[in-house]
Structures are given as structure tokens and as C-alpha cells.
2 protein chains.
Amino acid sequence: MPKLVDHEGRRRQIADAVCRLAEERGLEGVTLRDVAARADVSMGAVQRCFRTKDEMLTFALTYIGERVTTRVSARISESPAQSARTTVGHAATELSLLRQEHRAEARVWLAFLAQATVSRPLAEILRANYTALQEAFTALLAQAAPEADASLEARTLLALVDGLTTHVLIDHISPAAALDVLDHHLCRLWGEPQQ
Amino acid sequence: MPKLVDHEGRRRQIADAVCRLAEERGLEGVTLRDVAARADVSMGAVQRCFRTKDEMLTFALTYIGERVTTRVSARISESPAQSARTTVGHAATELSLLRQEHRAEARVWLAFLAQATVSRPLAEILRANYTALQEAFTALLAQAAPEADASLEARTLLALVDGLTTHVLIDHISPAAALDVLDHHLCRLWGEPQQ
DNA sequence: GTTTCTACGATGCAACTGCATCAGTACGAC
DNA sequence: GTCGTACTGATGCAGTTGCATCGTAGAAAC
């Protein structure tokens, strides 16, 4: 057996390059040549890992989806002793990608979101991610606010978080303002008095 | 004075073609040649109307922004006798582009939204639109729910509507489910009992 | 009818795209 | 060592892109 390469590792390395480029120039600015250069591999290597560009983009979206989901899950499970309500707040904040260091992820996500409206494979990956997120939030909300319609509230929260993220990205509102909105929404959800 | 052409009319005609193409293939599928063909003019005519492709896209975004804003405003002013709360509901529903016939507009809007994260001119047009919408909703909400923080609630409503629209576009939720979420949110905002 | 000037549309062009190809490389088994 | 093979990276190619160019057409002014 001759030279063997860590294929999965290389695919991730390339997906990383895709994300960095998508963040800087948008998804249309992602070309095979630039991806290869950014990932410090040859174009041949990229073509060996992914048969087509579409396959590469699909993998990159799956990759970033897993990263976000993992981070949210981690945030949920790392705060086991807290109340369910606090956990919901933390998870939603994490998901809204408001922190500077996750702004890039948000940009990439939005780029894929737009592309998904005209690409079935991408749309299915996105749908799978959202479904998983919604189930997680529904379960959390069922604990945090037993008297509410957990599924409905989960849909509301996901949509609100996505909208806020988008508005922050285009500088319509500041991250702080987005957090305010989120806090306010959660407080009202808990039925607590709002100041 | 030789042959004169209704420039503004032609620009709108071209912008229409841009929107139809963006809806079908996404913004990356919009090329000068295809736009010209779709608008039933020659490429030369397109180049005469817009010096560069960017200028064309910028105009198209402004154009569609005006269309949406106009429709929302019309919806607001055509129901003068109703309560402020009903008006807010109608306006939000109109803005969420949930009806089948406006799905195309939503797709185009999302395409521009993604592009705006890497294009300053587009981002500024979007920001202007959102600012106008937020002011309108703030004013409405101040009437409809005097005890609430109108500005905060307007930001919430806009983000929620945007998120819902996006989720409908990628088929994560149905238009009916989105309407449910919106209704529920508004009912809670009015402090009414939720069934 | 002639002139004059805008608008037109066909064509050209350099750059770039995704993808295919293929001689060469380097690693591991023997 | 040598050999076979999985891998590499340079190159080729057809198609597309945005933009520039330029001769022509056609509507007003006279």
C-alpha cells in the first residue's frame, strides 16, 4: 500500500478554506482554484477529494452545520445544574452567532441559506439541521415553560434568532440590541415582568 | 434631438428581468446576456442603461425594496378605520411575503441579503429599507400597545418576520405554521389570552 | 430632404470558470 | 533495493463571463 492520505482530514481542511472564502467574498467568490490556494493544497488534491464543486459545497455546509449544532449542544449540556430557562437563553444566544468570533460562521450560513433556495441538496441539509435544532429547543422549552406550546415557541425562537442574526450581519441593529430583543422575548415567554 | 427612450421605464423593465432570473437561479445565475434576453432587449441596451453589472443589481434591489415597502404602506393606509392592532397584523403579514404570489420576491430579497454581507452598496440600500420599516412599525406599535417599548417590539417583529420568511423559503415550516407563529406572537404582545 | 445626434445590437476580447487529463512523485510492502 | 500504486500538480480545454468597440439605424430639428 503506497502513500495514504487522511482523506477526511483533508476534506475538513478544504471545507475550512471554503468557509473562509465564502465569508470574505460570498459564495460566488468561491472557485476551485482559490479554495485550493487557501487550503494550501493543489487543485488536483481538491478534485481528488470532491468529484465536483457541488459536492465540495455540500460537504462544507454539512461541516459548518455540525460545528454550530455541536457548539449549541455543548452549551446545553455543559450547564446541567442550571434551570431550564437559563439553558434556553444560553443556547439561543449561542445559536444566534452574535459574538464577533462567530460572525464569520453567520455570514457563511447566510450565503448557503440563499443558495439553498435554488439548490435542492443544500436545502435538504439545511432542513435537517433546522429540524434537529427545533426538536432540541422544543424539548428544552417543554421543561422550561410547561404551560406553553413548546413546538410553537421553538419555531418562534428559531425564527427570531435567525432574523436577529441576519439584521446584525447587515448592520441594521447592533449585537447588543439583538441580545436585548432576545432577552425581552424570553422574559415575556417566562411570563416574568419586563422592566 | 434624436431618438429618445424612456430610460426609467427601461431600467424598471430590466430590473424586472433581474428579479425573475434571481428568483429562478439565484443571484449568481444573473448574467448580462440572460438579463438582456429575459427583458427582450439587446445587451447593448442593458449596457447603456447601466454602466456596470453592479449598478444594475443595485438598481434592482432599490426597485424591489420600493415595491415591498409600497405594498406594506398601502396595506397600512387602506385599513384606516380598523384598530391599530389589526393594522399591525396585516402589515406584518404583508411584509412576511408568505403568500404564494410573493414567494418570488422573498427569494430575491434573500439572495440580495446574502450578497449584501459582502457588498457595501447593497448593504446600505437594505439598511435604509429596514430603517424605514422599523420606523413605520414603531409608530404603529406605539398606538397599538402604548404600554410596551415600541422600538424594541418593532425590532422583534421585524426579525421574527424575516426569520419566518426564510424558514418558509427553505421549506422548514409551512406558510400556515408561520402565520400561526406570527398570530401567537401578536396575541401575546397585546396581552390577550392565547388559546 | 438633409443633417445631427442618441440609441442600438452585433462582435471582439481577455479573463476566468469547472472539469479532464496525464506524466511524474513518493511512499509502503516485499 | 525494487516495484506497484495512490497521490500529485501542472496543463489543456471548452464554455462563460463582464466589458469595450464600432458601424448602423432612426427620430427630431431645420
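Within an unreviewed UniProt entry, the label attached to chain A reads TetR/AcrR family transcriptional regulator, and the organism entered is Streptomyces catenulae.

### Things to note about the packing of helix α1 (residues 7-25) of chain B against helix α4 (residues 53-77) of chain B
Residue and element names in this part refer to chain B. The contact between α1 and α4 brings their axes to 9 Å, and the two run at 90°. On the basis of their axis angle, the class for α1 and α4 is roughly perpendicular. Contact residues: α1 offers E8, R11, R12, I14, A15, D16, V18 and C19, while α4 offers E55, M56, L57, F59, A60, Y63, I64 and R67. When the residues that make up the contact of α1 with α4 are grouped by side-chain class, the tally is 10 nonpolar, no polar and six charged.

### Focus on unusual backbone geometry
Although it is not a glycine, D171(A) adopts a positive phi angle of roughly 65°. Even without a glycine there, the phi angle at D40(B) is positive, about 60°. Residue classification places D40(B) among the exposed positions, given a relative accessible area of 71%.

### A word on the environment of C19(B)
Mapped onto the elements, C19(B) comes out in helix α1. Along the chain, C19(B) and Y63(B) lie 44 residues apart, while their C-alpha atoms are 9.6 Å from each other.

### Quick word on the UniProt feature "domain: HTH tetR-type" (unreviewed entry) in chain A
In this numbering, the UniProt entry assigns the feature "domain: HTH tetR-type" (unreviewed entry) to residues 8-68 of chain A. For residues 8-68 of chain A, the helix share is 79%, the strand share is 0%, and the end-to-end C-alpha distance is 19 Å.

### Quick notes on the nonpolar core
Nonpolar side chains in soluble globular proteins generally cluster together in the buried interior. One finds I14(A), V30(A), M56(A), I14(B), V30(B) and M56(B) to be the most contacted residues of the largest nonpolar core, which totals 82 residues. The contact partners of M56(B), leaving out residues within four places of it in the chain, are I14(B), V18(B), V30(B), L32(B), V35(B), V46(B) and F50(B). Residues A92(A), A145(A), I173(A) and A177(A) belong to the second largest nonpolar core, which totals 64 residues.

### Quick look at the relation of the copies chain A and chain B
Of the two same-sequence chains, chain A is brought onto chain B (RMSD 0.1 Å, axial shift 0.0 Å) by a rotation of 180°. Here the transformation between the copies is reduced to the relation of a two-fold axis. When the interface residues of chain A are mapped onto chain B, 100% of them again lie at the interface, so the same face is used by both copies.

### Some points on the packing of aromatic side chains
The description of an aromatic ring pair uses the distance of the two centres, along with the angle that the planes make with each other. For the structure shown, the criterion picks out four aromatic pairs over all chains. Aromatic side chains W109(A) and Y130(A) sit 6.0 Å apart centroid to centroid with 65° between the ring planes, which places their arrangement in the edge-to-face category. Highlighted residues: W109(A) in helix α6 (residues 103-116) and Y130(A) in helix α7 (residues 120-144), separated in sequence by 21 residues. One exposure class covers both W109(A) and Y130(A), and it is buried. Judged by centre distance (5.5 Å) and plane angle (50°), the ring pair of F50(B) and F59(B) falls under tilted. Judged by its relative accessible area of 3%, F50(B) is buried. A cation over an aromatic ring shows up here: R11(A) above the ring of F59(A), its NZ or CZ 4.9 Å from the ring centre.

### Observations concerning the packing of helix α5 (residues 84-95) of chain A against helix α8 (residues 150-169) of chain A
Residues and elements named next belong to chain A. It is the contact of α5 with α8, at a shortest axis distance of 9 Å, that shows an interaxial angle of 40°. Relative to α8, α5 is oriented so that their crossing is right-handed. Note on element contacts: α8 touches α5 through L157, L158 and V161, opposite V88, A92 and L95. Residue composition of the contact of α5 with α8, grouped by class: six nonpolar, no polar and no charged.

Reading guide: rules and limits
- Residues numbered from 1 in each chain as written.
- Chains lettered and ligands numbered in written order.
- Predicted model: local features only at pLDDT ≥ 70, side-chain atom pairs only at ≥ 80, totals over all residues.
- Heavy atoms only, no water.
- Axes fitted to C-alpha atoms, helices over the stretch in contact; angles between N-to-C directions.
- Helix = DSSP H or I, 4+ residues; strand = E, 2+ residues; numbered from the N terminus.
- Parallel < 35°, antiparallel > 145°, perpendicular 65-115°, else oblique.
- Contact = heavy atoms within 4.5 Å.
- Nonpolar A, V, L, I, M, F, W, Y, C, P; charged D, E, K, R; others polar.
- Buried < 20%, exposed > 50% of the residue type's maximum accessible area, 1.4 Å probe, protein only.
- UniProt positions renumbered as here; feature names shortened; annotations may be inferred.
- Core = buried A, V, L, I, M, F, W, Y, C linked by side-chain atoms within 4.5 Å.
- Least-squares fit on C-alpha atoms with pLDDT ≥ 70 in both.
- Phe/Tyr/Trp six-rings, centres within 6.5 Å; stacked < 30°, edge-to-face > 60°.
- Lys NZ or Arg CZ within 6 Å of the ring centre and 35° of its normal.
- Left-handed = near helix turned anticlockwise from the far one by under 90°.

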